[in-house]
Amino acid sequence: MTDQHTARRESLQSWARAQLAELHPDGSPQALELAPLAGDAGFRRYYRLNTEPPMLAVDAPPERENASRFAELSQHLLNHHIAVPKVASVDPENGFLLLEDFGDRLLYRALSQQPESATALYGEALMQLLALQQTPKAALFPPYDQALLRREMNLFPEWFLGELLEQPATEQEQQMLTDLFGQLEQSAQEQPQVAVHRDYHSRNLLIRPDGCMSIVDFQDAVWGPITYDLVSLLRDCYIRWPADQVQQWALGYGNLASGIGLLEGVSESQFLQWFDWMGLQRHIKVLGIFARLALRDDKPGYLEHLPLVIRYILEVTSRYPELADFRHWFEHRVLPRAQAQSWYRDYRQAGETAT
């Protein structure tokens, strides 16, 4: 741990002790202990406190994270009966938070241990998503507009092609990508727009001790396409399910959304194309993000998930003639370069076994 991290941890501990003394004057421990938890893809650091009720202390560096927005979003979602951790205290200037601790039984872990429970667990996750998407529009949700969609996809040529594979796109290839990105942006923007978590998957859903499922890491929520969180959940970058099961779940969700008025006059084929193309946008982005996490942020563990992301991309692009040029280029120009990387394994088997 660097001196800077040590200093911030000590500051966070002092702040948490003072907050707990106000919140629970008779219940805070004599010696407050902070047990570090595994980090996520962001810059936040989490610590479990030896308190009752259980609580987490969060270090969200203010130059990188917005603690106030997290607290405001939490309260907004709680006001609309969305299961998220309640923020007990926040120090926006220093980027410190105290929040409810729902434990560490991630949906991912439950699915890996008991894959036979997938239908029930995904049913609960889809109902939570349906509730989230009924949250009314508010200024807290910036638009998931064309500019943001494009910035995300541009991470692919910058970080995956240029930095990780060391094979920058040629001018012709960049034009092909620009044309593809435009198609995907149009598909995203023509969908009904709702509250979007933006990282709704098995590592951001927690099964609490009481058995209820809760949502975490919602700080990047936006207002955008209805299929985004759905495909993030069902074509998860960390765990894979059979294609026919994914389609069944997706169409079932579409029927639920239609039944409550979130979708009107949308055919199954149109909904599935939105779902597929939204997943393609996300997975193109993820190739860039995971490469950046490994190279810039020293988190190489994300590279092991790239073959599954590649598999999703090639499966979706094989189904649509409009995407044939991109698929051909990816197979013949990008894939051979990826196969030479130490992290690569055969994408055709990627995700077959949840671990």
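This text follows the structure it describes.
> Break down the nonpolar core for me, citing the residues and quoting the values.
One finds F160, I284, F326 and W343 to be the most contacted residues of the largest nonpolar core, which totals 108 residues. With 14 residues, the single largest contributor to this core is helix α10 (residues 268-295). When residues no more than four places from it in sequence are discounted, the contact partners of F160 are L155, L165, L287, G288, A291, L306, V334 and W343. Formed by 12 residues, the second largest nonpolar core is a distinct cluster that contains A16, L49, M55 and L98.

> Residues and numbers for the packing of helix α5 (residues 146-153) against helix α7 (residues 171-189), please.
Viewed as axis vectors pointing N to C, α5 and α7 meet at an angle of 135°, and their least axial separation amounts to 10 Å. Considering their axes alone, α5 and α7 lie oblique with respect to each other. As for how α5 packs across α7, the hand of that crossing is right-handed. Taking contact as the criterion, the partners of Q146, L149, R150 and M153 in α5 are, on α7, T178, F181, G182, L184, E185, A188 and Q189. Here the residues of the contact of α5 with α7 are counted per class, giving 5 nonpolar, 4 polar and 2 charged.

> So what about the pattern of salt bridges? Which residues, and what values?
In total, this model carries 18 salt bridges according to the counting rule given. Here E152 ties to K285 by a salt bridge, and the two come within 3.4 Å at their closest N and O atoms. Linking E152 in helix α5 with K285 in helix α10, this pair joins segments that are 133 residues apart in sequence. Each member of the pair E152 and K285 is classed as buried.

> Could you give an account of the environment of A221, naming the residues involved and the relevant values?
Tracing the chain through its elements places A221 in the loop between β8 (213-215) and β9 (222-225). Sequence-wise, A221 and F70 are 151 residues apart; in three dimensions their C-alpha atoms are separated by 9.6 Å. Apart from residues lying up to four places away in sequence, A221 is in contact with R69, L73, L140, F141, P142, V196 and H197.

> Before we move on, can you summarise the packing of helix α4 (residues 118-133) against helix α9 (residues 243-259) with the specific residues and values?
Packing of α4 against α9 brings their axes to within 11 Å, and their N-to-C directions diverge by 35°. Crossing hand, α4 versus α9: right-handed. Contacts between α4 and α9 involve A118, T119, Y122, L126, M127, L129, L130 and Q133 on the former and, on the latter, W249, Y253, L256 and A257. Across the contact of α4 with α9, the residue classes tally to 10 nonpolar, 2 polar and no charged.

> Explain the environment of Q183 to me, and be specific about the residues and the numbers.
Relative to the helices and strands, Q183 is located in helix α7. Q183 sits 68 residues away from P115 along the chain, and the two C-alpha atoms are 36 Å apart. Setting aside its immediate chain neighbours within four residues, Q183 contacts W277 and E322.

Parameters and conventions
Residues numbered from 1 in each chain as written. Predicted model: local features only at pLDDT ≥ 70, side-chain atom pairs only at ≥ 80, totals over all residues. Heavy atoms only, no water. Core = buried A, V, L, I, M, F, W, Y, C linked by side-chain atoms within 4.5 Å. Buried < 20%, exposed > 50% of the residue type's maximum accessible area, 1.4 Å probe, protein only. Helix = DSSP H or I, 4+ residues; strand = E, 2+ residues; numbered from the N terminus. Contact = heavy atoms within 4.5 Å. Axes fitted to C-alpha atoms, helices over the stretch in contact; angles between N-to-C directions. Parallel < 35°, antiparallel > 145°, perpendicular 65-115°, else oblique. Left-handed = near helix turned anticlockwise from the far one by under 90°. Nonpolar A, V, L, I, M, F, W, Y, C, P; charged D, E, K, R; others polar. Salt bridge = Lys/Arg side-chain N within 4 Å of Asp/Glu carboxyl O.

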